[in-house]
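Structural characterization, general
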Amino acid sequence: MQSVYIDYLLRATISAVVLLATMLLGMGERTATLTLVSLGMVVVSAYVSDFKRLFHLSQRMADWTALGVVAVTAANAFHEDRPGQLFAVAHLQSYLQYVLLFQPKTTRIYWQLAVLSLGQVAIASTLVPGIAFGFLLLAYLFAGVVTFVLLLLRAQSQRYGSADGTAPASALPRAAVGAQRSPQAPMLMGNSARVEPRAIVVGVVAQSAFLCAFAVAVAAVLFFALPRWDIPNREVATTEPLHSVGFSKKVTLGELGEVVNNPDLVMRIEFFRGLETRAFKPAGEPLFRGTVVTRYERGEWTQADRKSVAALQVEFKSPFVRQRVTAEPSDVAELSCVFPVFAVRPDFRLRLDTAGDQLIRQEDYRVKPIEFEIGTNGMIDDRQRTILPCDQRLRDREVRELLQIPQAAAGQNDALAGLRATAALALEGSGIDPSQRVAATRAINEYLSSSGRYLYSIERQPRDRAIDPLEDFVTRHPVGHCEYFAGALVMMLRSQGIPARMAIGFKGGEWNPLGMYYQVQQLHAHAWVEVYLGKEDIPPGEFSDDETPAAAWLVLDPTAGAQESDSAAQGESLLARFRHYLDYTQVLWINYVAGLNSKRQRQGIYDPLAQGAEAAVENVISPEVWQERVRIVNNSHLGTFWQWYRRHWFSWRGGLVAAGFSLVVILLYVSARTLIRALRRLGLAGAARFGNEPPVLEMYRRLEAALARHGLTRHPAQTAYEFALAAGGELAEHIEHRRVAHLPRRIVDVFYRVRFGGRTLDNLEADAVEHALAELERTLAEPR
Amino acid sequence: MARQRQIRICREGLIYSLVMVAALSGAVGRQLNLLMLVGSLLAGPLLFGLVYGRLALRRLKVERKLPPHLHSDQRLVVDVSVSNLRRWLGIWAIEVEDHVGRDEALEAPAAAGVFFPHIAARQTTQVSYAGRLPRRGRYQFGPFRVTTRFPLGLIRHTVVLNESEVLLVRPKLGRLTRDWAQIARENAVGGQRMQRRGLLEADFYGLRDWRAGDSRRWIHWRTSARRGSLVVRQFEQRRSQDLALLVDLWQPSDPSENDLQHVETAVSFVATVVAQACRETGRQLVLALAAQEPLYRSGAASPLFFEEQMDALSLAAAHNEPRFPNSLGRALSLVPLSMSTLIVSTRSIDWAALQAVAIQGDAPLSGRPLQVLNVAGPQFARYFQD
């Protein structure tokens with residue numbers, strides 16, 4: 001029964017092992033076909049071969065089938081490329097597992113299934129880098145451990161049979177060793193204790209969980225200790241390259257609306273003050289600019305034709321904030337971050353397009369995640385600046401580009417007439433002269449974002465196709481998303497002679513308090529406005545004396561309802577917290593497991609360990625540290641006491657009190673020890689010491705004691721009667737004791753009658769026993 | 001309790017280690033992080049096996065309980081109990097192997113194992129192994145080999161506990177046939193001539209249940225009918241019920257299997273006769289054994305006498321003196337002339353030689369109710385079946 005129960009469990013767990021391995025492989029292949037086929041095979045084989053026993057592959061059939069499978073796979077794999085051959089091997093392992101599943105399950109078959117599944121996991125480990133691999137690997141480890149534990153219990157149970165009478169599985173277990181030797185040799189048959197099935201399940205699961213925890217701990221140490229060296233171009237791609245919207249030379253209004261619900265990860269970004277290693281959370285929601293567009297024509301924004309790509313210069317500007325960006329693969333070159341940027345170390349993977357004012361990554365690094373550090377002076381006091389410094393003034397041609405407005409063709413009405421009028425009206429209403437560029441800009445922005453007329457919506461709005469979309473937004477349908485707001489503001493500013501451009505990128509993101517980083521997803525895509533300020537337009541006091549920007553960009557976000565929100569300030573839901581944990585786990589996985597390289601190993605593990613060890617040694621041997629400790633002790637109550645003690649180191653009164661106290665303590669200790677020992681002795685002696693022992697028991701003890709003095713002691717396996725018989729035999733061997741040989745048995749007879757027969761001992765019998773005992777003791781005391 | 005420890009990697013462990021090393025070396029060589037992770041995870045269970053087994057076998061107490069008496073070929077049941085003395089930690093998959101060997105046997109002891117799937121903390125679990133010991137003699141039980149391969153069966157930890165005990169396995173008790181009962185009766189009343197007279201002259205003193213070998217003429221039909229089971233009359237024949245067994249346990253210097261078997265049969269026969277005689281207390285019995293160590297025992301039939309003779313017979317070893325043993329002549333001189341005497345030998349008795357030793361021991365044969373049985377002879381099977 002026990003063995004059958006283990007068998008059922010074992011089949012379930014080995015099925016789980018097979019399925020988990022094929023799932024891992026399927027993840028690598030990005031297809032569920034193999035998993036589904038394996039699931040079908042597991043279910044069918046369990047029903048047909050194990051449960052109903054309708055069909056089994058014999059060993060010979062299985063061998064031939066396996067040979068055929070190997071031959072066919074090898075023939076196919078011959079024509080494949082290297083990844084194809086890897087998949088062919090993995091598939092071959094699955095096919096061999098199918099053959100094994102239909103064979104009678106022996107220990108060997110279970111082992112083969114497990115080893116094949118391990119091969120699949122090994123192949124999958126080269127294909128699946130995501131955290132999902134980690135979770136499935138843990139499940140696989142647990143299922144595998146349970147399988148092997150059950151396999152051991154099954155093998156042992158079958159070898160010994162069980163105590164409930166179940167015969168051993170094999171006709172002649174190894175325990176029956178004597179049977180294989182001479183017929184005169186002992187023939188012995190082993191046995192197994194019976195354990196409740198529930199206890200087996202609970203115990204095996206608990207032990208396996210404990211073992212898995214131990215294995216993970218050992219694996220962590222070993223994994224991080226194994227040597228790493230740099231292999232170029234080996235960054236790990238966790239996802240397919242993203243299809244990015246809006247980051248091209250041509251942006252069509254409404255495109256960003258497509259991505260507002262897209263949760264695909266774009267990048268993670270951390271901020272560090274200067275060269276600090278501890279990340280900080282910027283106040284407010286930073287704007288991560290990806291690209292800028294300047295030219296507008298009937299709903300389409302395009303970039304300038306010029307392009308001037310150059311390597312980033314390593315320089316340190318003040319205030320200096322480092323950004324560490326981990327960008328996911330993307331189909332476009334532009335990278336998003338807080339601008340303006342400068343390099344903190346040479347990085348050949350990055351380029352700066354000075355004409356487009358955008359950061360781009362080299363072609364080879366688009367299909368893989370890229371992690372880089374870049375400096376910015378666009379933040380001050382942990383907050384993003386609203387006026388960004390610019391090293392160079394724009395040339396007139398570039399300024400003219402920032403003032404471009406679609407011109408009406410001859411004979412046609414001005415396409416943006418309503419927009420121009422609205423801008424003029426807004427400016428007039430504020431009473432600000434357009435020459436006061438910052439104030440005028442803010443007035444128009446205020447009109448657009450806070451007048452209440454313009455509403456934010458991600459829904460696609462009905463537009464009048466006959467007129468320009470921005471004209472339509474400003475004059476007729478004042479509902480739209482950030483692109484409409486930003487586009488409208490740019491055009492309204494330009495209509496008032498203020499040079500501006502539309503910036504596209506991401507706003508904020510999801511702040512992860514565990515990892516101290518922003519996780520930016522597609523749905524955080526945003527558009528805003530940057531207004532060019534000449535040196536004369538920069539408000540006084542905006543920059544410190546150290547900074548001498550030649551020009552600046554005023555950042556405006558006109559989108560209604562786009563005020564800054566601090567997500568961290570709001571209470572986090574349980575789901576959000578879980579998401580943060582999951583995401584942080586993914587980050588750790590990517591950085592320290594799947595993408596661990598020699599640099600990270602050194603920075604993340606060896607350097608902190610070395611520093612810790614160094615600090616510990618320093619803590620122990622440094623004279624300064626000890627001096628500081630002594631100083632602290634001196635300043636404490638203990639130190640005060642010591643100072644007092646040094647002055648009054650001896651006192652008769654104190655000495656007497658101390659001696660008396662010590663004496664009392666010693667006396668108490670000795671008394672307690674004596675008392676405990678006495679109690680222990682009494683406890684060992686049992687009830688007899690307190691006079692509760694029946695007289696007959698006392699008599700029997702005397703008998704044992706008398707015989708023991710003669711060298712006859714009762715074996716624990718012997719009953720009193722057996723002992724008495726044996727002792728009588730021994731006594732009868734010697735002529736001087738032969739006359740008392742019968743007494744032990746006689747005394748034990750009386751002892752049994754009273755002790756187990758419930759009889760009472762009358763005086764006559766008691767006297768007789770006493771007499772017999774006395775005679776025995778006397779005889780045995782005589783020298784031989 | 002002396003302990004020896006052994007750690008061995010099992011075949012499965014070897015395969016497992018090879019797979020792990022292959023995975024790790026491949027992963028390090030090609031710098032495949034996740035394959036390194038898989039390889040590292042494989043290391044955990046191996047290390048756990050090393051640590052667990054060492055801990056699991058530490059605070060265990062193993063005991064065996066042997067039967068007080070055992071005759072050869074009787075079913076042997078040995079209880080093995082394992083106590084887990086830990087406070088918290090239960091232990092799994094404990095295998096206890098006991099070794100059983102005869103002192104005189106040249107071959108290695110046989111092993112019997114018991115398996116304990118789980119022993120909870122502070123608990124004792126008991127399992128028994130069973131079997132048969134086909135030969136009499138002194139058997140040594142132990143030492144115990146306590147083994148665990150938990151959790152995955154990769155590493156085998158063994159501790160050897162020198163916990164030894166001795167069990168005397170007594171001669172096999174066979175069955176005395178009806179013909180034996182016949183000659184016993186003849187012997188008891190002094191031979192064929194005296195049978196009728198002895199039976200008739202005996203004093204009736206009670207009734208008892210019928211036993212195999214009792215004459216049908218002794219059945220007390222009236223009482224048998226009343227009770228529904230056969231009851232026979234008993235006669236007061238104390239003198240003639242006394243029995244002296246003189247056993248010549250001889251085998252050649254280079255004994256064949258048959259010779260050895262004859263010795264065993266003779267011992268078994270004698271043990272059976274003693275066992276039957278001791279069922280009725282009060283009879284005087286004499287057992288004289290001509291063996292490597294001659295033995296002479298005399299006493300009243302009793303369970304104690306039975307126990308003593310069984311222990312003596314369990315260790316009796318045959319002598320290979322070609323001459324008829326003088327010890328039997330001396331023993332014969334101690335046997336009262338009226339006592340029924342049965343000489344059992346593993347060879348045919350040379351009457352002249354017997355007479356010579358009897359004369360030498362001052363024990364006349366004439367007038368003595370004497371029977372001789374040759375165990376090796378073809379007639380012996382008529383009296384005894386083992």
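As a starting point, this report considers the structure included with it. (Residues numbered from 1 in each chain as written. Chains lettered and ligands numbered in written order. Predicted model: local features only at pLDDT ≥ 70, side-chain atom pairs only at ≥ 80, totals over all residues. Heavy atoms only, no water.)

1. Focus on the overall build of chain B
- For chain B, the helix and strand inventory stands at ten helices and 19 strands.
- A buried classification covers 56% of the 386 residues belonging to chain B.
- Across chain B, contacts joining residues at least 24 apart in sequence account for 73% of those joining residues at least 6 apart.
- Counting only carbon and sulfur atoms, one obtains 50% of the accessible surface of chain B, whose full area is about 17,700 Å². (Helix = DSSP H or I, 4+ residues; strand = E, 2+ residues; numbered from the N terminus. Buried < 20%, exposed > 50% of the residue type's maximum accessible area, 1.4 Å probe, protein only. Contact = heavy atoms within 4.5 Å. Areas by Shrake-Rupley, 256 points an atom, 1.4 Å probe, with all protein chains shown as cover.)

2. Section: the interface of chain B and chain A
- Counting from both sides, the interface comprises 67 residues of chain B and, opposite them, 74 residues of chain A.
- Buried area between chain B and chain A, both sides added, is near 5,900 Å², and the carbon and sulfur share of it is 69%.
- Put simply, chain B and chain A have 15 residue pairs in polar contact (both at pLDDT 80 or more) between them.
- For the side of chain B that touches chain A, the element with the highest residue contribution is helix α2 (residues 33–56) of chain B, accounting for 15 residues.
- Among the residues forming the side of chain B that touches chain A, the class breakdown is 43 nonpolar, eleven polar and 13 charged.
- As paired strands, strand β2 (residues 191–192) of chain A and strand β6 (residues 110–119) of chain B are joined by two bridges and run parallel to one another. Following the sheet pairing, Asn191 of chain A is matched in β6 of chain B by Val114 of chain B. (Buried area = accessible area lost by both parts, 1.4 Å probe. Polar contact = N/O pair within 3.5 Å; in protein donor to acceptor, adjacent residues only side chain to side chain. Nonpolar A, V, L, I, M, F, W, Y, C, P; charged D, E, K, R; others polar. Pairing = 2+ DSSP bridges.)

3. Side note on the nonpolar core
- Grouped together as the largest cluster of nonpolar side chains are 119 residues, with contacts concentrated most on Val96, Phe116, Phe141 and Val146 of chain B.
- At 16 residues, the largest contribution of residues to this core is made by helix α6 (residues 131–160) of chain A.
- Discounting residues that sit within four places of it in the chain, Val96 of chain B has contacts with Val62, Val80, Val82, Ala112, Gly113, Val114, Phe116, Phe144, Arg145 and Val146 of chain B.
- Counting 44 residues, the second-largest nonpolar core is a separate cluster that includes Ala440, Ala486, Ala488 and Leu493 of chain A. (Core = buried A, V, L, I, M, F, W, Y, C linked by side-chain atoms within 4.5 Å.)

4. What to know about unusual backbone geometry
- A cis geometry characterises the amide bond from Phe339 of chain A onward to Pro340 of chain A, with omega recorded as -5 degrees.
- By secondary structure assignment, the location of Pro340 of chain A is in the loop between β11 (334–335) and β12 (341–343).
- Phi is positive for Asp73 of chain B, close to 70 degrees, though the residue is something other than glycine.
- Relative to the elements of secondary structure, Asp73 of chain B occurs in the loop between β3 (70–71) and β4 (75–84).
- Positioned with a positive phi, Ala93 of chain B is a non-glycine residue whose angle comes to about 50 degrees.
- Positionally, Ala93 of chain B belongs in strand β5 (residues 91–102).
- Residue classification places Ala93 of chain B among the buried residues on the basis of a relative accessible area of 0%.

5. A word on the pairing of β4 of chain B
Residue and element names in this part refer to chain B.
- With seven of its ten residues buried, β4 lies for the most part within the structure.
- Of the strand pairs in this sheet, β4 and strand β7 (residues 124–132) are connected by nine bridges, and their pairing is antiparallel. Looking at the pairing, Val78 lines up with Tyr129 of β7.

6. Quick word on the side chain of Ser495 of chain A
- As for its placement among the helices and strands, Ser495 of chain A is situated in helix α12 (residues 482–495).
- Not counting residues up to four positions away in its chain, the partners in contact with Ser495 of chain A are Ile405, Arg420 and Ala423 of chain A.

7. What to know about the sheet that holds strand β15 (residues 284–290) of chain B
Residue and element names in this part refer to chain B.
- As summarised here, the arrangement of the five strands in space is β16-β15-β14-β17-β18, forming an open sheet in which the pairing is mixed. Sheet topology places β16 (295–300) and β18 (370–374) at the edges, where each strand pairs with a single neighbour. With strand direction ignored, the average angle separating the axes of adjacent strands in the sheet is 15 degrees.
- Two elements, strand β14 (residues 243–248) and β15, share six bridges in a ladder whose sense is parallel. Counted as the bridge partner of Asp248 is Ala290 from β15.
- Most of the contacts of helix α7 (residues 257–277) go to β14, to which it runs at about 170 degrees, and overall it touches β14, β15, β17 (340–345) and β18. (Axes fitted to C-alpha atoms, helices over the stretch in contact; angles between N-to-C directions.)

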